[in-house]
Amino acid sequence: MHNRALAILHDEHRSLGAVLHGLHFLVREAREKGKEPDFKLLWAMLYYMDAFSQRLHDPREEALLFARLRARTREADETLTLLERQHAESARHIQELERLLGQVEAGVPGSLDAFAAAVEAHLDAARQHMLLEEKVVIPLAKKYLTAQDWLEITDAFAGKDDQRFGPKPEHEFRDLFSRIVNLAPPPIGVGPTHTGSRRG
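Here's a quick rundown of the structure. (Residues numbered from 1 in each chain as written. Predicted model: local features only at pLDDT ≥ 70, side-chain atom pairs only at ≥ 80, totals over all residues. Heavy atoms only, no water.)

1. Brief notes about the overall build of the protein chain
Right, so step 1: Scanning the protein chain from terminus to terminus reveals 6 helices and 0 strands.
Right, so step 2: When the helices and strands of the protein chain are placed in sequence order, the string is α-α-α-α-α-α.
Right, so step 3: Residues classed as buried in the protein chain amount to 46% of the 200 residues present.
Right, so step 4: Contacts in the protein chain between residues far apart in sequence, at least 24 positions, make up 77% of those at least 6 positions apart.
Right, so step 5: Of the roughly 10,300 Å² that the protein chain leaves accessible, carbon and sulfur atoms contribute 53%. (Helix = DSSP H or I, 4+ residues; strand = E, 2+ residues; numbered from the N terminus. Buried < 20%, exposed > 50% of the residue type's maximum accessible area, 1.4 Å probe, protein only. Contact = heavy atoms within 4.5 Å. Areas by Shrake-Rupley, 256 points an atom, 1.4 Å probe, with all protein chains shown as cover.)

Shown next as structure tokens:
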């Protein structure tokens, strides 16, 4: 009963993880090899991370999975509170990444190093966050949630009869993810290879 819902959740984690690792790779290439940053691609990645997390992934986790689990057991309360706090912190981290990327694009001295450090920190935090969800929350959900819980969660995750997260927003983000893959150079995507050196 829970397999479909968890498959969607794991797919969302993989998509976010892929964009995060792609961002990390591009920034490392810019720093270590002096490549000109592809700002169009970097901004698209940050937009995806921000909008996908804020409009769909995090709210859906909290309103559906976390809320149902809290209704069934107190065992997960501390972990769920931490995860919700991390959701809010992630939004602030992405705003900071956007600010720093703007400085990189403007050519502010030292901004690429600051942006790279912020990307590294956000990647580590996101990795730990998703690991906590998958190693602690999901096993507890499997243990405590009812068949009816999973049916309703699955329907909502699949976009059925639930407009809380907007009209079919998953299609918008799927299209954006595809554009990122098509813009990104190998090995993170199928776009053109960027060979230019960084200005200045």
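2. A few points about the environment of Phe39
Right, so step 1: By the secondary structure assignment, Phe39 is in helix H2 (residues 39-72).
Right, so step 2: Those residues in contact with Phe39, other than ones at most four positions away along the chain, are Leu101, Val104 and Glu105.

3. Overview of the environment of Arg72
Right, so step 1: Within the secondary structure, Arg72 is located in helix H2.
Right, so step 2: Residue class for Arg72 comes out partly exposed when judged on its relative accessible area of 43%.
Right, so step 3: Once the C-alpha coordinates of Arg72 and Leu140 are considered, the two residues, 68 residues apart in sequence, prove to be 10.0 Å apart.
Right, so step 4: The contacts of Arg72, once residues within four sequence positions are left out, are Tyr144, Leu145, Thr146 and Asp149.
Right, so step 5: A polar contact is formed between the side chain of Arg72 and the side chain of Asp149, at a distance of 2.7 Å. (Polar contact = N/O pair within 3.5 Å; in protein donor to acceptor, adjacent residues only side chain to side chain.)

4. A short note on the side chain of Ser111
Right, so step 1: Within the fold, Ser111 resides in helix H4 (residues 111-144).
Right, so step 2: Within the structure, Ser111 has its side chain in polar contact with the backbone oxygen of Val108 (distance 2.6 Å).
Right, so step 3: Setting aside residues up to four positions removed in sequence, Ser111 forms contacts with Gln103 and Val104.

5. Here we look at helix H3 (residues 77-106)
Right, so step 1: Here H3 spans 44 Å end to end across 30 residues, near enough to the 44 Å set by a 1.5 Å rise per residue.
Right, so step 2: Turning to H3, its buried residues are Thr79, Leu80, Leu83, His87, Ser90, Ala91, Ile94, Leu97, Leu100, Leu101 and Val104.
Right, so step 3: Buried residues along H3 sit in contact with H2 and H4.
Right, so step 4: The positive-phi residue at the C-terminal boundary of H3 is Gly107, with phi of around 80°. (Expected span 1.5 Å × (residues − 1).)

6. Focus: the packing of H2 against H4
Right, so step 1: Contact pair H2 / H4: the axes reach a minimum separation of 12 Å and the direction vectors enclose 25°. Regarding the angle of H2 to H4, the classification is roughly parallel. At the point where H2 passes H4, the crossing takes the left-handed sense. When H2 is examined against H4, the residues Leu46, Met49, His57, Glu61, Leu65, Phe66, Leu69 and Arg72 are found in contact with a partner set consisting of Phe115, His122, His129, Glu133, Val137, Leu140, Ala141 and Tyr144.
Right, so step 2: Split by residue class, the contact of H2 with H4 holds 10 nonpolar, 3 polar and 3 charged. (Axes fitted to C-alpha atoms, helices over the stretch in contact; angles between N-to-C directions. Parallel < 35°, antiparallel > 145°, perpendicular 65-115°, else oblique. Left-handed = near helix turned anticlockwise from the far one by under 90°. Nonpolar A, V, L, I, M, F, W, Y, C, P; charged D, E, K, R; others polar.)

7. Quick word on the nonpolar core
Right, so step 1: Counting 33 residues, the largest nonpolar core has Leu23, Met49 and Phe115 as its most contacted members.
Right, so step 2: Contributions of two or more residues to this core are made by helix H1 (3-33), H2, H3 and H4.
Right, so step 3: If we skip the residues at most four places from it in the chain, Met49 touches Leu16, Val19, Leu20, Leu23, Ile94, Leu97 and His122.
Right, so step 4: One finds Leu6, Leu9, Leu140 and Ala141 within the second-largest nonpolar core, a separate group that totals 20 residues. (Core = buried A, V, L, I, M, F, W, Y, C linked by side-chain atoms within 4.5 Å.)

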